[in-house]
Every structure is written in C-alpha cells, then in structure tokens.
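The residues making up each chain are set out below.
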Amino acid sequence: MLKAALKGLLARKLRLTLAGLAVVLGVMAVSAAMITTTTIGSGFDSIFQTVNSGVDVSVSGKSNVDPGMGGKGFTPPVPASVVDEIEKVPGVAKAVGEVSTDGARPIGPDGKVISVQGPPRFGKAWHGEAGMVRLRQGRGPAAPDEVAINAGLAELGGYEVGGTIDVLTLQPRKTFHVVGVYGFSNGLDTLGGSTEVSFTEPVAQQLMLGKQDTFSSITVTAAAGVTPEQLKDRVADAVGSGYLTRTGDELADQTAADGKAFLDIVRIVLLGFSGLSLLVGIFLILNTFSILVAQRTGELALMAALGARRRQIVGAVLVEATLVGSIASVAGIGLGLGVSVLLKSVMEANSGAQLPVGLIVPAGDLVLAFVLGVAVTLVAALLPAIRASRVPPVAAMRASAAEQRSLARITVLGAVPFVLGVAGMVASVVSDLDGYRWAVLGGGVGLALLGLALLTPVASRVLLPAVGRLLSWSMPGKLGRRNAERNPRRTAITVATLVVTLGLVGGVGVVAESLRKDVTTRVGSDLAADFVISGDGVTGKAGGQGGGPPTAADGRIMPTFEPSVITDARALPGVAEATAQYVDTVQVSGAAGKRATTPANAGSVTELRGVLGLERVSGSLRDLRSGEVVVDSKTLTELGREVGGTVEVATQRGGWQTYRIVGSYKPNFTLNGPVLAPADAQRQFVSDQPAMGYVKLRPGADVAAVKKGLTGLVAGNPEVAVQDQTQAAADASSQVDIAEVMLYVLLGLSVVIGVLGIVNTMALSILERTRELGLLRAVGMRRSHMVHMVVAESVVIAVFGGLLGLVFGGLAGAAVVSVAGLAELAVPWTSLAVFLGLSVVAGLLAALAPSARAAKVNVLSAIAYE
C-alpha cells in the first residue's frame, strides 16, 4: 500500500502541488514572523545591553498615568536635588543626572519634519565622549544655540558641521548651529535607528523636560565590592517609593522591550495572513483530495477487492497528504527565511539602523511551523480518506464513479448553525443583551458563516442556474453552466474560499464606508467652527525616560503651537471668535475604585461650547477656576459620579488631585472626557501649549483671506496646519482608509489562494471529463467552443461565490454598524461592484490553463480514455 501511495503521488504531483501551495504560503508567513521578530528582537537586546553596560543603577520618575491602563508613558523629571541625595548613599561611587527623552523632531531642508518609522527621536544633554559616544567631526555644544547630532541624523537630513538645524520640542521651532557629529564605539551611526540632538544641559532640560534643574534619569555607579542589586536596594530606600529604581540589566531589558513594541504589529500581520492562508488551504486541499478520491474510485475499489483493509486505504491517502504537507512546509520555511532577510533589510533601510546580529533562526518555532503545515494538510485530507475507505469492491466494475449523494444531511447540518447564527445577529441588533452584544454578534456571524458554507451545495442548485443564465447565452456557455451545476458539493467546496474572503471584504467595506459617513456627519454637526488649527499627528514613541511632547490616547505625538497664534488669529479681519484647546491623557477615578484612562482637555468652556456645539446635560458650562472640572455625561455615568460631587484626576505632571465637578455635557465627536481650567493644564499637562485651535468667522467674511492669514501664523511649524470642516472630516476619516487598505491587502492574498482552488478544481475536472470532451469534439465542437465552455463554467462558479460572500458580508457589516451605534448605514456600492468584477476576472484567470488543456484534447485518445 505504501508503494502504491508513493506511485500515486508521483502520478499526480502537479495537482497536489497546487493544493499544497496554500500550505507553503501559510508556513512561509509563520516562519517569517518567527525569524524576523526573533532576529530584530535580539538585535535590540544586543544594542541596549551595550548602551547600558556602564550603568549599575538607574533612577527615574514614576509615571502618574499608568501606562498599563492606556497612558503613554510620560515620566515626570527627577529634581536635581535627588542627585545629591543619591551621592550620599553608602556604596555609591558616582551619580550623574541624564537628560535623554523622545520628542526632538528635526526639520529637514525641505521644511518637513524628518520622519523615522518607529525609532525614537531623542533630545539629550551633551556630556562629552562618555560611554559609547565618539565624536567624528567638530566638538560638543558649549553655547545655548549649539548642538551636536548623531551621524544617522546627519545623513538623513544632509546636515554638516558649521550648518544649522531647526528642531521642534516642547517649545516651538528653534534654530541651532551644528558644531559636532558623533557616532558610537561599535561603529554604528545610530542606535536602533533613533535620531539624536544633543544640547547643552540647561537647554536640554528646558526644551525636553519643560523645566531646568531636572533630569530624565540619574545614572549611578557602584563603588568597588558593591553589586548592582545591593546598590539598587540602598538607593531605593534613600529616594523612596516615588521613584523607579532599576539595575542596568533591568533598564536594558525594559528599553529593548519598548523598542521592540512595533514587532508585535509585524508578528500579528504575518500570523494573521498565515492563519487565513491555512484556513483557505483547508478548503483547497479538501477539494483536491475529494476529487482525486472520486477519480480513483475504480482503483480504490480494486484494492479493496484484492484484500486491502479500510485502515490501509485511509493510511494510503494520509501518506500522500503527509508527504504533500511535509514538502509544502519545508518549501514554506525556505521562503520564510528569504522573506525574513528581505524584511530585515527593509527595516534597516527605513529606520537607518544596522542591527549588530545576523539572521537568527529559532529552531523550535520552525519545527512548530512545520508541524502546523503537516497537521493542516492531514486534517483537510482526513474526510476524503475516510470516504475512500468506504468505496465498495463492486465499484471497480463500474465505468464511472460520479456518484451523486443526497444533500439532505448536509442541508440539515448547515441549517441549524445558520439559523442560530442569524438569530444571534438579529438579537444583538435589537437588544442590549446585558452588555454581551459584541460577543453574541461575533458568535452569530461565525455560526452563520459556518452554516452558509454547509448550505452552499443547496444554494448552488438554486442560484447557479440564475447566475449562469445571466452569464451564458450560447450553447458552449450553457454547457459550461450545466457543468458547474453538475456536482453541487464540489462547486460548494471550490467557492468556499471566495465566500469566506469576499464575505470579509464585503463586511469590511460596509463598516468602513459607514464609519466614514459617521465621521463626516458628526464633524459637520458637532463642529461649529469654520477653521481648525491642529497638528497632523506625527507618529512617534511617546515618553521614554521622562519628557516628550503631549500624546493622544492612541500614542501619537500631538504637535503644539504657541498661544500667541490664537491671540493673533482674533485680530485677523473677519474673525469673530478664536479659542485654544489643550490636550493630554489622564486617568480618572470613580466609585468603588473604578479607574479609566481618557483624553483630557482644557480651555475656555464658554468658548469651546460655542465652537464645538457642546450641549449642557446638568450643572453649569461656564469658564472654570483652578480645581474645577466639567466632564461628559457618559464618563460620569461610567465612573458613578455626579455633578456637584468630586472626582480624582491624575495628570501627567501633577499626579492625583481632587477636582469639583461643576457641570456635564453631552459627548460629541470633537470633545469628550474631563475639561480642566487652562491654568491647571499649563501646570499639569505635559506641554503648556495648545494642541488645537478653533476659529469662527463673522458673516460675510472673506474665507480665503482668513485662511491665508491663519496659515501664515503657523507657517513656521510644519507639524501644524489649518483646515476647514471638509478637510477636518477627511483627515479624521483617513485612519479608516489606512486600516481598510491593510485589511484588503491581507484578504486579497487569500483571494489569490481561492483562485488557485478554482484552477485546481477546473484542471481536475477537465481530466475527469476527458472522454466527455473527446465526444464533444467528435460531434463537431470547435476548440474555441471548448475554451468558451470551460471559461463559462469557471466564471459562473467564481461569480456565484463572489455574490454569496458579498451579500453575506454586507449583511454582517450592517449588523456591526447597528451594534456600534454609527450614525447611519452606508453601503459602498461601487466598491462591492468592483469586487464582484474582480470575481469575474478571477474566474477568467482560473480558466486559462484548464481551457487550454481542454482545447488540446486528442479526440481518439479521449474517446478511448477510461
């Protein structure tokens, strides 16, 4: 039986290769995810172990907003007096205050901020050639208007010693003279791709920490005979629990972990594609083995007649599956290595970081990927193998094995989960379900999709004739349509991949279009201002060891501008009102110890009420005094607080303080969370400058002239722009566009695998119908008609799967829109039509090779084919 299985595999190697391609892609993605993240992670570990090799103990402030609860890690600076306290601790040889924090954004020669994808942009205090730092040109900064920069930044921006550089920090744009360029002792131009601007110490403290005589951290060196662990305990006792004390190794591990955070995204994307590929691959392999078993009915029956037992026949099919899975997994691992090399090179090129390690191959993870690939193949082939073992010996005497089984059982099996799933979806839409709406909706969609997959054979009997009549008019086209209708089970398995992937595409499209519509509607209804002054959300890693610009709740660096911009805006002709909004992230504490991290705002409440259309719920929406706060009604309800009472708010610089709640407002798209007095924000937010500004015009004002005037006020800050309502809505919805494109790319790759499934099915079907095709040629059908027939069959199958998937996806997306409470349902008819058109293209592409083979059938040989 083993020899027979091996010979059978060699005889069908091309067909099985197509089936194994999905496994190749899935294992490739798993391998690439593991190798890439391990290699880059080890590189960061190596870099930061080296950077912190001279650190015995590090002392820094503790974040007032817990990063574990959504805060973005601003660490309050350490007063310079703490350095003196630490120097008195027994076992301390030296204590040095450091200023090194993310947030120094250099402006390039083109007037735009130099962008690095992921790595931080450090602003530092110059301490000479200490540690790994080595001057390559010039000298260190000595005057307030002088800086030294790392070689990586010098290359990115084309800066040279003797030139100038503009830098954005907690303060507005400032110009400095570049007096030095430095690298590192290991020969690298940059550490992990970061850019560095080193100022004199007082300037670094003011620009990066917001206050002089403070440090982002203190580096402590142990005296002889004192271990870092012993020194850590002594220093911690001396400075108290208000500071974070770590050994050099602990600091290196944490810094490397922060640097590797983006690797989680890489891993999730690759593993997501892997999971989708393997899921789609199950359908492809299942269909391939099902067709092969059907074609070999006579062969299997003859084996049974000669004495082969059921377990031997099952074993023979599973041996083929094991070999296919093994070869595909090995190929996938090999491709994964190549993809990892490419991803590492791309990362190094984009970030400017040269990792000090080569490609690291985690053997255990690759073994797991190999086992996963083989397991998926075996699971997909198990059902056809069992079916093969049930072929009766008498079947060997029949000429055809095209047995058509009743669809009653599979219809019942599909109807139950489909009905339950639809019921769950409807229930989640019409009822709150005690807070379990999303869980019920997700379960309902999953069950309905499973049921739909099982009901597809029955659906094909009803829908295929209708679809076929729309797409086929001539006799070859009708024959192609009837061929598609001939075997509902095979057609169902063939289109299963398209149903799943296009179902997801349809759902994503409906949700994304509804989100865009919701954003546009809410901006139009909630924003009463004519112009918005705001930043473009420069991407960066906020915080670090103290300092950094203010951050939104999603971790973006929030560009700020000078308060004088609003003052000058009020003086422009045609401006009726201009107001500033300060933005940061805080934590609020509610009843029973309940805490939440939320965006916080500050500004004139009466002015914000006018330009943002705030609706009062209770209390007073007046300008606030220090220690007062107004909060949106939703947050108050969640915290169990009421107007007239108090609430504890933790700000980034001020920590926990009690505020009196004087009013509440209805949350809207542009404002939610607590609103503090401007005086409190300027002391307790990360930045004392506004992040947003709103301008309202007088009736009859010259809109173009006002916009030109406002643009001139912020011309010196490339991170800040002036937008009207339409532009603000488009900017807000751009995040939806990015996420939608990423999902479409991911799903598009799985659609490719679905097309391969149709190719495989059509190729095997052509082989199965060799004699039939020969007879058609014998009775006068031309080769062009043969091609037409096969193409029609392929297109009908593809369009059927596309329609089924898009309709289901659209309905599921509508349910998501309803549960999410979006303003209205919006259906992207154009996008759905494009996707349906792509189904036609997929059918045409899938038919190319099979139709060419059908046209080349030799009439005499085909008639004699058994």
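Residues numbered from 1 in each chain as written. Predicted model: local features only at pLDDT ≥ 70, side-chain atom pairs only at ≥ 80, totals over all residues. Heavy atoms only, no water.

A. Expanded view of the pairing of strand S21 (residues 655-665). Looking at chain direction, strand S18 (residues 616-619) and S21 are connected through three bridges and run antiparallel. The residue of S21 that forms the bridge with Arg616 is Tyr665. Alignment of strand S19 (residues 628-632) against S21, held across five bridges, turns out to be parallel. Looking at the pairing, Val631 lines up with Ser664 of S21. Taken together, the six bridges between strand S20 (residues 646-651) and S21 define a ladder with antiparallel strand orientation. Considered in S21, the bridge of Ala650 is made with Trp656. In textbook terms, the turn of a hairpin is the stretch between consecutive antiparallel strands, and for S20 and S21 this stretch comprises three residues. (Pairing = 2+ DSSP bridges. Helix = DSSP H or I, 4+ residues; strand = E, 2+ residues; numbered from the N terminus.)

B. Spotlight on helix H12 (residues 408-430). Over its 23 residues, H12 extends 33 Å from the first C-alpha to the last, a length consistent with the 33 Å expected when each residue adds 1.5 Å. Taken as a whole, H12 has its buried residues at Ile410, Gly414, Pro417, Gly421, Gly424, Met425 and Ser428. (Expected span 1.5 Å × (residues − 1). Buried < 20%, exposed > 50% of the residue type's maximum accessible area, 1.4 Å probe, protein only.)

C. Expanded view of the pattern of salt bridges. Inspection of every chain in the model, using the stated rule, returns 13 salt bridges. Among the salt bridges present, the one from Arg660 reaches Glu628, with a minimum N-O distance of 2.9 Å. With Arg660 in strand S21 and Glu628 in strand S19, this pair connects stretches of sequence that are 32 residues apart. Across the salt bridge formed by Arg683 and Asp680, the nearest N and O atoms sit 2.7 Å from each other. Highlighted residues: Arg683 and Asp680, both in helix H19 (residues 678-684), separated by three residues, approximately one helical turn. You can call Asp680 buried: its relative accessible area is 1%. Salt bridges linked by common partners bring Arg622, Arg625, Glu628 and Arg660 together as one network. (Salt bridge = Lys/Arg side-chain N within 4 Å of Asp/Glu carboxyl O.)

D. How the structure looks around the packing of H12 against helix H23 (residues 783-820). Running from amino to carboxyl end, H12 crosses H23 at an angle of 25°, the nearest separation of the two axes being 8 Å. In terms of their interaxial angle, H12 and H23 are classed as roughly parallel. Both H12 and H23 take part in a crossing whose hand is left-handed. Note on element contacts: H23 touches H12 through Leu811, Ala812, Ala815, Ser818 and Val819, opposite Met425, Ser428 and Val429. Looking at side-chain class alone, the contact of H12 with H23 contains six nonpolar, two polar and no charged residues. (Axes fitted to C-alpha atoms, helices over the stretch in contact; angles between N-to-C directions. Parallel < 35°, antiparallel > 145°, perpendicular 65-115°, else oblique. Left-handed = near helix turned anticlockwise from the far one by under 90°. Contact = heavy atoms within 4.5 Å. Nonpolar A, V, L, I, M, F, W, Y, C, P; charged D, E, K, R; others polar.)

E. Focus on the nonpolar core. Membership of the largest hydrophobic core comes to 40 residues, with the highest contact counts inside it found for Met425, Leu498, Ile758, Leu773, Leu776, Val790 and Phe800. At the level of elements, helix H13 (437-471), helix H15 (488-526), helix H21 (725-768), helix H22 (770-778), H23 and helix H24 (829-855) are the ones that each hand at least two residues to this core. Discounting residues that sit within four places of it in the chain, Val790 has contacts with Met762, Ile766, Ala847, Pro850, Ser851 and Ala854. Within the second largest apolar cluster, 39 residues are counted, among which are Ile86, Ala125, Ala222 and Val239. (Core = buried A, V, L, I, M, F, W, Y, C linked by side-chain atoms within 4.5 Å.)

F. Highlighting the packing of H23 against H24. One can describe the packing of H23 onto H24 by two numbers: an axis separation of 7 Å at closest approach and a directional angle of 150°. The way H23 lies across H24 gives a crossing that is right-handed. Residue composition of the contact of H23 with H24, by class: 19 nonpolar, five polar and one charged.

G. Representation of the packing of aromatic side chains. All chains considered together, the criterion is met by three aromatic pairs. With centroids separated by 5.2 Å and ring planes inclined at 65°, the aromatic side chains of Phe176 and Phe199 adopt a geometry described as edge-to-face. Placement of the pair is Phe176 in strand S10 (residues 174-184) and Phe199 in strand S11 (residues 195-199), with a sequence separation of 23 residues. For Phe199, a relative accessible area of 0% corresponds to the buried category. Aromatic side chains Tyr182 and Phe184 sit 6.1 Å apart centroid to centroid with 85° between the ring planes, which places their arrangement in the edge-to-face category. Overall, Tyr182 belongs to the buried group, its relative accessible area being 1%. (Phe/Tyr/Trp six-rings, centres within 6.5 Å; stacked < 30°, edge-to-face > 60°.)

H. Region of the structure containing the confidence of the model for the chain. Across the chain, the average pLDDT comes to 81, with 84% of residues at 70 or higher. The least confident element of the chain is helix H1 (residues 2-11), whose mean pLDDT is 59; the most confident is strand S8 (residues 146-150), at 96. Note on residues 537-556: pLDDT is under 50 here. Beyond four places in sequence and across chains, it has 81 contacts. (pLDDT = per-residue confidence, 0-100.)

I. Focus on the sheet that holds strand S3 (residues 92-98). Pairing in this open sheet of four strands is antiparallel, and the strands run S3-S13-S1-S14 from one edge to the other. The open sheet has two edge strands, S3 and strand S14 (243-247), and neither has a second partner. Neighbour to neighbour, the strand axes of the sheet diverge by 20° on average, direction disregarded. Taken together, the five bridges between strand S1 (residues 57-61) and S14 define a ladder with antiparallel strand orientation.

J. Molecular detail of a nonpolar patch on the surface. Taken together, the side chains of Val412, Val416, Leu420, Leu447 and Leu450 present a nonpolar region at the surface, about 450 Å² in accessible area. Elements supplying a minimum of two residues to the nonpolar patch: H12 and H13. For the nonpolar patch, the element with the highest residue contribution is H12, accounting for three residues. Its location among the elements puts Leu420 in helix H12. Take Leu420: its relative accessible area is 53%, and that puts it in the exposed class. (Patch = residues over 30% accessible without salt bridge, like charges linked within 9 Å, V, L, I, M, F, W, Y side chains within 5 Å. Areas by Shrake-Rupley, 256 points an atom, 1.4 Å probe, with all protein chains shown as cover.)

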